[in-house]
Amino acid sequence: MIWSLLFVRQLALTLWLGGLVVIDFVETPIRFRVPEVNRNQVVAIGRRVFAALNKLEVIAGAILLLSDALLLPHFRAGVRPLEQSAMETVAAMWLAALVQLVWVRPRMSALTRGLDLVNRDPADPRFAKIGRLHKVYSGLDLLKMLLGLLTLALWVHP
């Protein structure tokens, strides 16, 4: 049973961290460079991609926390300090994903709906709001990546 919990835990983090890195650093930049797709279409696609990613992250985080909770009794002498720290980093990742899912992304999506991103009017105040929200969203993504890498490091530490 322990090996299956460890496998599920590692698979959930792999899917979460791998999906996050691939979408942020591979798929998104490529999407913006496709000449056959205009900026309005790119953003519409991005809304769907990131909505799906956010849902995957929240599910993966729940699986990680549940598997860690089920593994706790199997560690000798209770919770090792590194295992406890890993659970805390996963909890922080999950919280960041929840903030993105329920607060940041819905506000960005609402602002971009009906907004012409091809023929931009720089005076439109929605662009400044979108820019600020995008920075928050991107910062939370970077935080999740760093916390995910830290979680891996805590898991492999002897």
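Because the structure is a prediction, the values reported are computed rather than measured.

(A) Focus on the overall build of the chain. Counting its secondary structure elements, the chain contains four helices and zero strands. Traced from its N-terminal end to its C-terminal end, the chain shows the element sequence α-α-α-α. The principal-axis extents of the C-alpha atoms in the chain amount to approximately 65 × 30 × 20 Å. The 158 residues of the chain split such that 39% are buried. Split by element, the accessible area of the chain, about 9200 Å² in all, is 71% carbon and sulfur. Mean positive and mean negative side-chain charge positions of the chain (18 and 11 charges, respectively) differ by 3 Å.

(B) Layout of the packing of aromatic side chains. This structure, assessed with the given rule, holds one aromatic pair. Taking 5.7 Å as the distance between ring centres and 90° as the angle between the ring planes, the aromatic pair formed by phenylalanine 50 and tyrosine 137 counts as edge-to-face. Taken as a pair, phenylalanine 50 in helix H2 (residues 39-71) and tyrosine 137 in helix H4 (residues 125-156) lie far apart in primary sequence, 87 residues in all. You can call tyrosine 137 buried: its relative accessible area is 4%.

(C) Structural view of the layout of surface pockets. Its volume calculated, the largest pocket comes out at about 660 Å³. Around the largest pocket, the lining is made up of 26 residues, and of these Thr28, Phe32, Phe50, Met108 and His134 lie nearest the centre. Mapped onto the lining of the largest pocket, the elements with two or more residues apiece are helix H1 (2-33), H2, helix H3 (81-112) and H4. Of all the elements, H4 adds the most residues to the lining of the largest pocket, at nine residues. Tallied by class, the residues present in the lining of the largest pocket amount to 12 nonpolar, seven polar and seven charged.

(D) Local environment of the environment of glutamate 57. Mapped onto the elements, glutamate 57 comes out in helix H2. Glutamate 57 sits 36 residues away from methionine 93 along the chain, and the two C-alpha atoms are 8.8 Å apart. Not counting the four nearest positions on each side in its chain, glutamate 57 is found in contact with Trp16, Leu20, Trp94, Ala97, Gln100 and Lys144.

(E) The arrangement of the side chain of threonine 151 in detail. With respect to the helices and strands, the residue threonine 151 is situated in helix H4. Ignoring anything within four residues of it in the chain, the contact list for threonine 151 reads Leu13, Ala86, Thr89, Val90 and Met93.

(F) Molecular detail of the side chain of aspartate 68. Note on placement: aspartate 68 falls in helix H2. The residues contacting aspartate 68, other than those within four sequence positions of it, are Arg9 and Met87.

(G) Geometry of the confidence of the model for the chain. For the chain, the mean per-residue pLDDT works out to 91, and 96% of the residues sit at or above 70. Of all secondary-structure elements in the chain, the lowest mean pLDDT belongs to H3, at 92, while H4 reaches the highest, 95.

(H) Representation of H3. The end-to-end C-alpha separation of H3 is 44 Å, in line with the 46 Å expected for 32 residues at 1.5 Å each. Looking at the residues trailing H3, positive phi occurs at glycine 114, about 80°.

(I) Main features of a nonpolar patch on the surface. Together, Trp3, Phe7, Val8, Leu11, Leu15, Leu56, Ile59 and Ile63 make up an exposed nonpolar region whose accessible area comes to about 780 Å². Of all the secondary structure elements, the ones that give two or more residues to the nonpolar patch are H1 and H2. The biggest single contributor to the nonpolar patch is H1, with five residues. Looking at where valine 8 falls in the secondary structure, it is placed in helix H1.

Calculation criteria
- Residues numbered from 1 in each chain as written.
- Predicted model: local features only at pLDDT ≥ 70, side-chain atom pairs only at ≥ 80, totals over all residues.
- Heavy atoms only, no water.
- Helix = DSSP H or I, 4+ residues; strand = E, 2+ residues; numbered from the N terminus.
- Buried < 20%, exposed > 50% of the residue type's maximum accessible area, 1.4 Å probe, protein only.
- Areas by Shrake-Rupley, 256 points an atom, 1.4 Å probe, with all protein chains shown as cover.
- Lys, Arg positive; Asp, Glu negative; His and termini not counted.
- Charge placed at Lys NZ, Arg CZ, Asp CG, Glu CD.
- Phe/Tyr/Trp six-rings, centres within 6.5 Å; stacked < 30°, edge-to-face > 60°.
- 1 Å grid on protein atoms, 1.4 Å probe; cavity = no way out; pocket = protein on both sides within 12 Å on 5 of 7 lines; lining within 4 Å.
- Points joined across faces, edges and corners; volume = space filled by probe spheres on them.
- Nonpolar A, V, L, I, M, F, W, Y, C, P; charged D, E, K, R; others polar.
- Contact = heavy atoms within 4.5 Å.
- pLDDT = per-residue confidence, 0-100.
- Expected span 1.5 Å × (residues − 1).
- Patch = residues over 30% accessible without salt bridge, like charges linked within 9 Å, V, L, I, M, F, W, Y side chains within 5 Å.
- Salt bridge = Lys/Arg side-chain N within 4 Å of Asp/Glu carboxyl O.

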